[in-house]
Amino acid sequence: MSSIGLLELIPSWILIAAGLILIGIEILFGLFVLFWFGLGLVFVGLVGLFVDFEHGEYQLIFAFAIGMVLLFALRKKIIAPHNAEADQLDTYQTGEIGQLSLHNDQWVVFYHGTHWVVANPQADFQANQRVRVDEIKSNQAWVSALDVQN
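Since this is a predicted model, take the numbers as computed values, not measurements.

How each quantity is defined
Residues numbered from 1 in each chain as written. Predicted model: local features only at pLDDT ≥ 70, side-chain atom pairs only at ≥ 80, totals over all residues. Heavy atoms only, no water. Helix = DSSP H or I, 4+ residues; strand = E, 2+ residues; numbered from the N terminus. Buried < 20%, exposed > 50% of the residue type's maximum accessible area, 1.4 Å probe, protein only. Pairing = 2+ DSSP bridges. Axes fitted to C-alpha atoms, helices over the stretch in contact; angles between N-to-C directions. Patch = residues over 30% accessible without salt bridge, like charges linked within 9 Å, V, L, I, M, F, W, Y side chains within 5 Å. Areas by Shrake-Rupley, 256 points an atom, 1.4 Å probe, with all protein chains shown as cover. Salt bridge = Lys/Arg side-chain N within 4 Å of Asp/Glu carboxyl O. pLDDT = per-residue confidence, 0-100.

## Considerations on the environment of S138
Thinking step 1. Of note, S138 is situated in the loop between β4 (130–137) and β5 (140–145).
Thinking step 2. Owing to a relative accessible area of 62%, S138 belongs among the exposed residues under this scheme.
Thinking step 3. Remark: the alpha-carbon pair of S138 and V117, spanning 21 residues in sequence, is separated by 9.8 Å.

## What to know about the sheet that holds strand β2 (residues 106–111)
Thinking step 1. Here 5 strands make up a closed barrel; going around it, the order is β1-β2-β3-β5-β4 and the pairing mixed. Averaged over all pairs of adjacent strands, the angle between their axes in this sheet comes to 55°, without regard to strand direction.
Thinking step 2. For β4 and β5, the ladder comprises 6 bridges, and the chain directions are antiparallel. Paired with V133 across the strands is V143, a residue of β5.

## A short note on a nonpolar patch on the surface
Thinking step 1. On the surface, a nonpolar cluster with roughly 560 Å² of combined accessible area is contributed by I21, I25, L28, F29 and L31.
Thinking step 2. On the basis of relative accessibility, which here comes to 30%, the residue I25 falls in the partly exposed class.

## Notes on the pairing of strand β1 (residues 97–103)
Thinking step 1. Note that β1 and β4 share 3 bridges and pair antiparallel. Each bridged residue has a counterpart across the sheet, and for Q99 the counterpart in β4 is R130.
Thinking step 2. Sheet topology note: the β1/β2 ladder contains 5 bridges and is antiparallel. Of the residues in β2, the one forming a bridge with L100 is V109.
Thinking step 3. Where β1 hands over to β2, the hairpin turn is made up of 2 residues, of which N104 adopts a positive phi near 50°.

## Overview of unusual backbone geometry
Thinking step 1. The phi dihedral of H112 falls on the positive side, at around 55°, and the residue is not glycine.
Thinking step 2. Summarising the element assignment, H112 is placed in the loop between β2 and β3 (114–118).
Thinking step 3. Although it is not a glycine, S138 sits at a positive phi angle of roughly 55°.

## A word on the confidence of the model for the protein
Thinking step 1. Averaged over all residues, the pLDDT of the protein is 87; the fraction at 70 or higher stands at 87%.
Thinking step 2. In the model of the protein, helix α3 (residues 56–83) stands out as the element of lowest mean pLDDT, 85, in contrast to helix α2 (residues 34–47), which has the highest, 95.

Listed below in structure tokens is the structure:
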């Protein structure tokens with residue numbers, strides 16, 4: 001019993017050419033998704049030289065299934081080593097002096113070139129008051145008032 005196909009058998013050279021075109025488009029855009037589907041089309045085109053597929057939809061199903069498997073299996077392994085930038089962690093030394101200011105009804109301290117939200121605001125804080133930064137954690141600064149204010 002022969003099934004009726006929706007697509008006629010696609011010549012292998014067309015599959016290989018379409019795969020190479022997808023790989024070429026991938027080089028231009030750099031999304032690294034089309035590359036895998038292009039490889040799938042090239043692979044099915046090469047296999048089609050030796051194996052007779054019944055219909056064109058089988059060729060496309062196999063090509064895109066191979067593309068999906070390659071995408072999920074190899075994408076992170078290939079992209080990560082080449083494109084990943086090393087995270088630079090800045091450690092802020094505390095214990096130095098910062099200057100308070102009030103922004104949007106919230107106390108912030110200017111410390112090491114950045115405004116940090118004050119985690120422990122006190123009622124006696126004043127604008128432009130100098131404070132000691134005791135700790136920086138979760139983008140917030142814990143501060144203590146100095147004995148001598150400038």
